[in-house]
Amino acid sequence: MKTFSESHKTVFVVDHCPYMAESCRQHVEFDMLTKNRTHGIIPLAPISKSLWTCAVEASMEYCRIMYDIFPFKKLVNFIVSDSCSRILNSWSQEDQNLQELMAALAMIGPPNPRADPECCSILHGLVAAVETLCKITDYQHEARTALMENADRVANRGRIICLTNAKSDSHVQMLEECVNETIHDHNKLAAGSDHLMQIQKCELVLIHTYPVGDESLVSDRPRKELSPALSSEVHSVRAGRHLATKLNQLVQLHFDLASTTITNIPMKEEQHANTSANYDVELLHHKEAHVEFAKSGDGHVGNSREPSLKETVTLKWCTPRTNSVELHYCTGAFRISPVDVNSRPSSCLTNFLLNGRSVLLEQPRKSGSKVISHMLSSHGGEIFLHVLSSSRSILEDPPSISEGCGGRVTDYRITDFGEFMRENRLMPFPEPRYRMDGTTEVPLERAKEQLERHTRYWPMIISQTTIFNMQAVVPLASVIVKESLTEEDVLNCQKTIYNLVDMERKNDPLPISTAGTRGKGPKRDEQYRIMWNELETLVRAHINGSEKQQRVLDCLLACRSKPPEEEERKKRGRKRDDKEDKSEKNSKDHEHDKKWQESEKVKSAIDREKEDLAEAEVIKDSPDSPEPPNKKPRSAVEDVPAVEKSKGPMSLLTLWTTRIHAANSKKHQEFFGRLNSVNNKAELYQHLKEDNGSDVLENGKPSRQ
């Protein structure tokens, strides 16, 4: 179907009944020459416009903005309703200008307040508006001719804007019912005619205007569907500038317009030719001129001068100005229309641009370099707002993946993403899959669930992750995303956590990115803290009430809470590493990696490790253990039991006792038996045995020698 929106046809129906001659009660000072007036002359009284004048001015401003931005294919038909309906123009393009409308309205004149109100009704104009919508425009006729046999596919939509002074809500409801019935009747007539078109959709906008200071007898109502072919909305607006503001809002809404305010426009003052002041001018244009702002989030959006108007985008006048001879890469050009066309700043800006000058506009920024995003220039006597390209040109080579949505970010996990795509490839499946409980499972839904699990925690940038840059975490990261875990999977995850604990104990370095940071980056303790936090985030993201996944999380939390001996041992290891040379440290790290890879193969569960360690300590502390070779005499400092040494760092009591023993040992000669003792035990009566091994006894007692 050929698209013709509701904005293609707009019918204005203005009430010309006697009550529209009433004053709007918004006074305007007529006599402005108060300074040079001679004494004795009475100043002129202020004047006020009638409801008819306010309605005509507001509707003409609506048409002016529409004609400025859409000179073609957007048509207006003006109807005046009193005792009958009078159509002021037609759908022909030659009649679509303000001069024709203003001349026709001058012929009509203001409403007669002494006319009989019983003979006047707005219904005459609404019926004529429906009849006018059924008439074919030149553009619709061209579309029907091009389609030939499929002429019925051309749509006929329109909008009726009625400005009147309604009596009550029931009166408004009566007007809506009249329009709905008229559309139904005329659609029947148009179905059998070659010169009329049926109305597929009509928007009725009823504007009830009343004098300033009075209470409104009609309540506002948003758009409501009265029938498949008619929708209606009601606006209750005070006359004067309030009515003009409402029509300004409606024209922006009906034609998808947006507002841009040009700030800091330098203009010389008439009184002081050598001085200048900065002014602001608000322009209306199609909203596509702000598409770049919507994409990038740039641009300053603030309220307009009137609080009830829609928001406006602020652009700053850029100096120096340029000539139209210079070429700029533009992505769009849109006609503009000043909001306050009669103001001096708007008139000066319009004349300046019509003289062949162009003005660049920049986005106001608090920091950074300025960004020139738009340009004002005239072509053929019409002013256009040009959208300049502030990003990569489409004429250049296509950007790489590293220059995509992230801007300057270049460290994307491209390789990991390729592996991720290979693991989640789709394939055709002939029939639904049956679960164990007999229910069917759609393969596509199963694929979506798998994709959701794999992307619950998946950092896109290398510098934003630590665990996905570590080969030691791969067994856990590839298993934890499964829908259900087995006992072997749980064991592999626990082994991975134990390996990470061993790496922290050895103070092995982690692949922490230091890009964009000053100095050497975070310390080793901070690196492992970041790693453990990220690993916990990954595991918690995949807990779905499963008992096995909870066991993995419990193991992780248990290994994170290390005893103080581990912390003391790690501090001692870090002090030793600080004293070593960098080359020696790198070689040792390489040796640790090799030993670590060998130890990974022989790791088992933590329970089995505890049992093996307990058995090893028992064997080590046995009194039958052979004496180590080249054994040196023990001093008092070494009197600490072996069991305490195997526990790691000494306690404060042990340190104090050792210090006391060391001080006392210097004051006397060490006992000969303690020096020759084995396992801190001295043998008594060493000479009781003879050379042949038999004991010398006398009467059951040892013999003297």
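Everything discussed here concerns the structure shown above.
Because the structure is predicted, anything quoted here is derived from the model rather than measured.

Undergrad: Tell me about the overall build of the chain, and please be specific about residues and values.
TA: In terms of helices and strands, the chain carries 20 helices and 22 strands. Look at the contacts in the chain between residues 6 or more apart in sequence, and 71% of them connect residues 24 or more apart. If you sum the accessible surface of the chain, you get close to 43700 Å²; carbon and sulfur atoms cover 53% of it.

Undergrad: Explain the packing of aromatic side chains residue by residue, including any values.
TA: One pass over the structure, following the stated rule, counts 9 aromatic pairs. With centroids separated by 5.7 Å and ring planes inclined at 20°, the aromatic side chains of Phe12 and Phe78 adopt a geometry described as stacked. In this pair, Phe12 is assigned in strand S1 (residues 9-15) and Phe78 in strand S4 (residues 75-81), connecting sequence segments 66 residues apart. Feature note: the residues Phe12, Tyr62, Phe70, Phe78 and Phe255 constitute an aromatic cluster, connected by ring pairs. Geometry around Phe70 places Lys74 over its ring, the cationic atom sitting 5.6 Å from the centre. One Lys or Arg, Arg413, reaches over the ring of Phe468 and ends 4.5 Å from the middle of that ring.

Undergrad: Describe the environment of Glu292, listing the residues and the values that go with them.
TA: Relative to the assigned elements, Glu292 resides in helix H7 (residues 291-296). Accessibility expressed as a relative area gives 28% for Glu292, which makes it partly exposed. Glu292 sits 39 residues away from Thr331 along the chain, and the two C-alpha atoms are 9.9 Å apart.

Undergrad: Please set out the sheet that holds S4 residue by residue, giving values where relevant.
TA: Taking strand neighbours across the sheet as the criterion, the 7 strands line up as S5-S4-S1-S6-S7-S9-S8 in an open arrangement whose pairing is mixed. In this open sheet, the two strands that pair with only one neighbour each are strand S5 (85-87) and strand S8 (221-227). For this sheet the average axis-to-axis angle between neighbouring strands, irrespective of direction, equals 20°. One ladder, built from 7 bridges, connects S1 with S4; its direction is parallel.

Rules behind the numbers
- Residues numbered from 1 in each chain as written.
- Predicted model: local features only at pLDDT ≥ 70, side-chain atom pairs only at ≥ 80, totals over all residues.
- Heavy atoms only, no water.
- Helix = DSSP H or I, 4+ residues; strand = E, 2+ residues; numbered from the N terminus.
- Contact = heavy atoms within 4.5 Å.
- Areas by Shrake-Rupley, 256 points an atom, 1.4 Å probe, with all protein chains shown as cover.
- Phe/Tyr/Trp six-rings, centres within 6.5 Å; stacked < 30°, edge-to-face > 60°.
- Lys NZ or Arg CZ within 6 Å of the ring centre and 35° of its normal.
- Buried < 20%, exposed > 50% of the residue type's maximum accessible area, 1.4 Å probe, protein only.
- Pairing = 2+ DSSP bridges.
- Axes fitted to C-alpha atoms, helices over the stretch in contact; angles between N-to-C directions.

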